[in-house]
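Below, each chain spelled out in residue letters.
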Amino acid sequence: MNTLLKMLALILFGTQACAAEVPLEKIDVAHEMPVVERGADALMTACHSCHSLKYVRYRDLLHFGMDRQKVDGWRGDQPLDAPLLAQMSENDAAQAFGKAPPDLSLMTKARDGGPSYVYSYLIGYYQTPEGMPGNHVYPETKMPDPLGIIGVTDAAQVKEIKGKAQDIVSFLAWAADPHEGERIRMGYYVIAYLAVLTILLYFTKQRVWARLD
Amino acid sequence: MPGRIIKWIDQRFPLTSFIKHELTGYPTPRNLSYWWNFGFLAGFVLVLQVATGIFLAMHYKADVAVSFDSIQHIMRDVNYGWLLRYMHAVGASAFFFVIFVHMARTLYYGSFRAPRELLWWTGQALLLLLMATAFMGYLLPWGQMSFWGATVITNLFRATPFIGDQVVVWLRGDYMVGDATLTRFFALHYLFPFLIIGAVVIHLVALHTVKSSNPSGIDLAHKDNIPFHPYFTAKDFYGLGWFLIAYSVFVFFMPDSLIEPANNIPANPMQTPNHIVPEWYFLPFYAILRSVPSMVGGVVAMGLGVMMFAFMPLLDRSHIPGGAHNRPIYKIQIYLFLLDMLVLGFVGYVPPTGETLLIGQIATLCYFGSFFTHPFISRWEEQWLIRRGLSAELLALMEQHAQEEEQRRKQRHQHKWGRA
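All values reported here derive from a predicted model rather than from experimental measurement. (Residues numbered from 1 in each chain as written. Chains lettered and ligands numbered in written order. Predicted model: local features only at pLDDT ≥ 70, side-chain atom pairs only at ≥ 80, totals over all residues.)

## Some thoughts on the overall build of chain B
Defined as follows: In this text, helices come from DSSP runs of H or I with a minimum length of four residues, and strands from runs of E with a minimum of two, each type numbered from the N-terminal end. Here a residue counts as buried when 20 or more other C-beta atoms sit within 10 Å of its C-beta, as exposed when there are 12 or fewer, and as partly exposed otherwise, the C-beta atoms being derived from the backbone. A residue pair is marked as a contact if its C-beta atoms, positioned from the backbone, fall within 7 Å.
Helix and strand counts for chain B come out as 17 helices and two strands. Taking all 420 residues of chain B together, the buried fraction comes to 33%. For chain B, long-range pairs separated by at least 24 residues make up 78% of all intrachain contacts whose partners lie at least 6 apart in sequence.

## Topic: the nonpolar core
Let me state the cut-off plainly: Remark: nonpolar core denotes a set of buried Ala, Val, Leu, Ile, Met, Phe, Trp, Tyr and Cys residues whose joining runs through C-beta atoms within 7 Å.
Judged by nonpolar contacts, the single largest core of 92 residues is most densely connected at V169 and L172 of chain A together with F95 of chain B. Counting residues per element, this core draws most heavily on helix α5 (residues 81–108) of chain B, at 13 residues. Aside from chain neighbours lying at most four places away, what touches L172 of chain A is L104, M107, T108 and V118 of chain A. Counting 15 residues, the second-largest nonpolar core is a separate cluster that includes F282, L283, V347 and I359 of chain B.

## Side note on helix α8 (residues 180–210) of chain A
This is how it is decided: A helix is expected to span 1.5 Å multiplied by its residue count minus one.
In a regular helix each residue adds 1.5 Å, so 31 residues correspond to 45 Å; α8 of chain A covers 44 Å between its end C-alpha atoms and thus fits that length. Buried within α8 of chain A are the following residues: L194, L201 and K205 of chain A. The inward-facing, buried residues of α8 of chain A abut α10 (228–253) of chain B.

## Some points on the interface of chain A and chain B
Where interface size is quoted, it is often the accessible area lost as the parts come together. Each partner contributes residues to the interface: chain A has 32 residues there, and chain B has 30 residues. Put simply, the parts of the chain that give the side of chain A that touches chain B at least two residues each are α1 (2–18) and α8 of chain A. Take the side of chain A that touches chain B: its biggest share by element is 16 residues, from α8 of chain A.

## Considerations on unusual backbone geometry
Residue and element names in this part refer to chain B. Geometrically, the link from A114 to P115 is a cis peptide bond, its omega value of 5° lying close to zero. With respect to the secondary-structure elements, P115 resides in the loop between α5 and α6 (117–139). With an omega of 10°, the peptide bond between H229 and P230 qualifies as cis. Inspection of the secondary structure assignment puts P230 in helix α10. Of note in the backbone geometry, Y80 takes a positive phi value of approximately 55° without being a glycine. For Y80, a count of 14 C-beta atoms within 10 Å puts it in the partly exposed group.

## Topic: the confidence of the model for chain A
Residues and elements named next belong to chain A. As a reminder, the rule being used: Confidence of the predictor at the level of single residues is captured by pLDDT, which takes values from 0 to 100.
Summary statistics for chain A give a mean pLDDT of 89 and a share of 90% for residues scoring 70 or more. Of all secondary-structure elements in chain A, the lowest mean pLDDT belongs to α1, at 44, while α8 reaches the highest, 97. This stretch, residues 1–20, has a pLDDT under 50; its non-local contacts, to residues over four places away or in other chains, come to 15 contacts.

## Section: the packing of helix α6 (residues 115–122) of chain A against helix α7 (residues 155–176) of chain A
The axes of two packed helices give the description: the angle between them and the distance between them. Residue and element names in this part refer to chain A. Inclusion rule: Fitted lines through C-alpha atoms give the axes, limited to the stretch in contact for helices. The angle between two N-to-C directions lies from 0 to 180 degrees. Two helices cross in a left-handed way if the nearer one is turned anticlockwise from the farther one by less than a right angle. They cross in a right-handed way if the turn is clockwise.
Axis separation between α6 and α7 bottoms out at 9 Å; the angle between their running directions is 145°. Between α6 and α7 lies a crossing of right-handed hand. Contact residues: P115, V118, Y119 and L122 in α6; A165, Q166, I168, V169, L172 and A173 in α7.

## A word on helix α17 (residues 392–417) of chain B
Between its first and last C-alpha, α17 of chain B extends 37 Å over 26 residues, near the 38 Å set by a 1.5 Å rise per residue. Of all 26 residues that make up α17 of chain B, one are buried, and the element is exposed over most of its length.

## What about the confidence of the model for chain B?
Of all residues in chain B, 99% have pLDDT values of 70 or greater, and the mean over the chain is 94. Both scores are given for the predicted complex: the pTM is 0.93, the ipTM 0.91.

Now the structure itself:
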């Protein structure tokens, strides 16, 4: 028993040792169309020149219900079925930053912490004592502060930038899992159906087994 | 008319007698609890995996250049492709969960004991096939964890004496995990489930020869058996309802909880992920692998770790019939073993540090210790229980077993020496 307790203590101690990374700011992703559309707008300005979302097509944005004029504005003369490729070519970007900026289609699924990670990263920029930009969440980042949060002290402005980051993350979460809404809606029906089925199966079983007595 | 058709068939094929023998007349112990549902559930998940897998294969492309893209194509463009893929991915975890419960039940109630050794060993073969299938399937999305998991595990075959390096190249089809590996894993991932179906048939033939064990651990009198159909079909389907509810919660509301985030990044042979973890169902065995300082030792320990279950019928020296129900010490052993599995799983999940390594080593020792000490503990427990006094029912049963054994021995003796 003593060894057991010791092992338990070690386990608890062990988990604390693992959680020593920078704490992420937890956020809830919005699923409403207007927020996601706002996020898409902000992303087109702040991210899309370097980052692609190659698994998303302009037509997908229309299907989700975004404004036709906005989508037309973003795509320019590209066809509706074109993927959201970056404005800058991968080679140019690699030359400018040292490595190609990652595709964002699955970004909110590709990091531990998901949307909270991306949000904390976007607002995690600060000025180092040497006057260089740094990032709390991902110190090795090559990306310059995209939303311009460094040096902003005005509370209202910080709030606005954080809101923008949240919108962008909401859009990215939609882009990573465009069928999520449909999936969850269907899930309620499936569970409800199965609940009724299970109740009926229970009574069937009771009835069949009653023959034994 | 249907009667005539069935008669026509029965003259040429034993349809009615087969159904009677395996279903409507198959004797099943009346007292089976819901723990006995998991064999049926395993069969159900197998069918589910084959069905979703075949449809996924129609849209999936096994080619390092487009595999990752084809998964996204399934997730985004194929009609209900996301549903197929999430059902298949969650199904893999469900399969292992159901099999682990099925195995734990067998151990707890001593269902592996004579005369069910072959049934248990065919089950062990099924576990190995399932593990191989799951491992190869995990490479197919060609994400970071797919690639590095396959790299680490195929690399273990370097421990093969003399020809280790050649074996690794032979398995991968290349010097590193690449296109050749992906295409062969896809081919085998499609093949193995059909081998599993074949092995399940053998498992069922063995089961229908020795019949189901039951919670009392005692072979029941004839009157306590009831036909499988309709009683256990009804009970199994009711259990299936609960299973499907739990499964659907994962499929529809938290499908990504079982997919490592790093597997949403395409495989990159130039960049190792911060820490490589296998799927949850391999974690205890992975922890055993990492607990042994030498690679060869680790591989042997891991392989042995999976295979230890097969030795249980030989390691159990007690003559007390049944399982934990009749054996208090054995019950404690089972619970401690399950706890040890959880500790190993945790150790396999966290990045290795000094402490977790130590816990892992202690837990590995406990893991093997619980098997190797079992012959002595079970024998001692038997003596202790007899001294303490057994119920008349158990004593009578043991007496009967001993007599049967004596008779068999005499027969063998006569057969060998009688005619001389």
